[in-house]
Amino acid sequence: MAGQQFARFTVVGGIGFAIDAGGLALFMTLGGDPYLMRLLSFALAVTATWLGNRHWTFRGHRPSGVLREYARYLGVQGTGAAVNYAVYACAVWLMSPGALNAVLALACGSAVALVVNYLAARRLVFGAPGPSRRARRATQSGASM
């Protein structure tokens, strides 16, 4: 189960990376600062990955309501984002300026933060799988008899 979850998390992360990298490249070609534009592209990507992980990777894991879950996801992804951004900033500083190098720096940061993000999401956001809707309904129906 964990292997399949990690594979799905990696796929969702790849989609998030494409959103992050595409947004960053677009913002950079429009003349944006690579540090500030990375924060904007990250905001787009983290929302997309939460949705993907919620509905596919950790389907059935519902320890809390949607807003609480999203807040937890943002909180724990902040740790991974800090690692990601630190590696990104160092790589940007070491490379010559440009959109391609900014995206390469983003890839470095994303690779380093992948495991941190997975473990945090699995343990602190989505928790253990909860009963399915069908099982909850059956339990509620049986309890009311």
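Definitions and cut-offs
- Residues numbered from 1 in each chain as written.
- Predicted model: local features only at pLDDT ≥ 70, side-chain atom pairs only at ≥ 80, totals over all residues.
- Heavy atoms only, no water.
- Helix = DSSP H or I, 4+ residues; strand = E, 2+ residues; numbered from the N terminus.
- Phe/Tyr/Trp six-rings, centres within 6.5 Å; stacked < 30°, edge-to-face > 60°.
- Lys NZ or Arg CZ within 6 Å of the ring centre and 35° of its normal.
- Salt bridge = Lys/Arg side-chain N within 4 Å of Asp/Glu carboxyl O.
- Buried < 20%, exposed > 50% of the residue type's maximum accessible area, 1.4 Å probe, protein only.
- Contact = heavy atoms within 4.5 Å.

> Would you mind showing me how to read the environment of Gly16 here?
Along the chain, Gly16 turns up in helix H1 (residues 2-29). Through-space distance from the C-alpha of Gly16 to that of Ser110 is 9.9 Å; in sequence the pair is 94 residues apart.

> Explanation requested: the packing of aromatic side chains in the structure shown.
Aromatic rings in a pair are described by how distant their centres are and how their planes are angled relative to each other. Enumeration according to the criterion identifies eight aromatic pairs in this entry. Arranged with centres 5.2 Å apart and planes meeting at 65°, the rings of Phe9 and Tyr118 form a pair that is edge-to-face. Of this pair, Phe9 sits in helix H1 while Tyr118 sits in helix H4 (residues 99-125), and the two are 109 residues apart along the sequence. Three or more aromatic residues joined by ring pairs make a cluster, and in this case those are Phe6, Phe9, Phe58, Tyr73, Tyr118 and Phe126. Between Arg38 and the ring centre of Tyr88, over which it is positioned, the NZ or CZ distance is 5.2 Å.

> I'm lost on the pattern of salt bridges in this one. Help?
Here the idea is simple: oppositely charged side chains can pair when their charged atoms come close. In total, this model carries two salt bridges according to the counting rule given. Residues Asp20 and Arg38 are paired through a salt bridge, measuring 2.9 Å at the closest nitrogen-oxygen approach. Of this pair, Asp20 sits in helix H1 while Arg38 sits in helix H2 (residues 34-57); the two residues are 18 residues apart in sequence, bridging distant segments of the chain. Here the two residues Asp20 and Arg38 agree in accessibility, since each one is buried. The residue Glu69 makes a salt bridge to Arg54 at a minimum N-O spacing of 2.5 Å.

> Please clarify how the environment of Val66 should be interpreted in this entry.
Structurally, Val66 is set in helix H3 (residues 66-94). Excluding anything up to four places from it in sequence, Val66 contacts Trp50 and Arg54.

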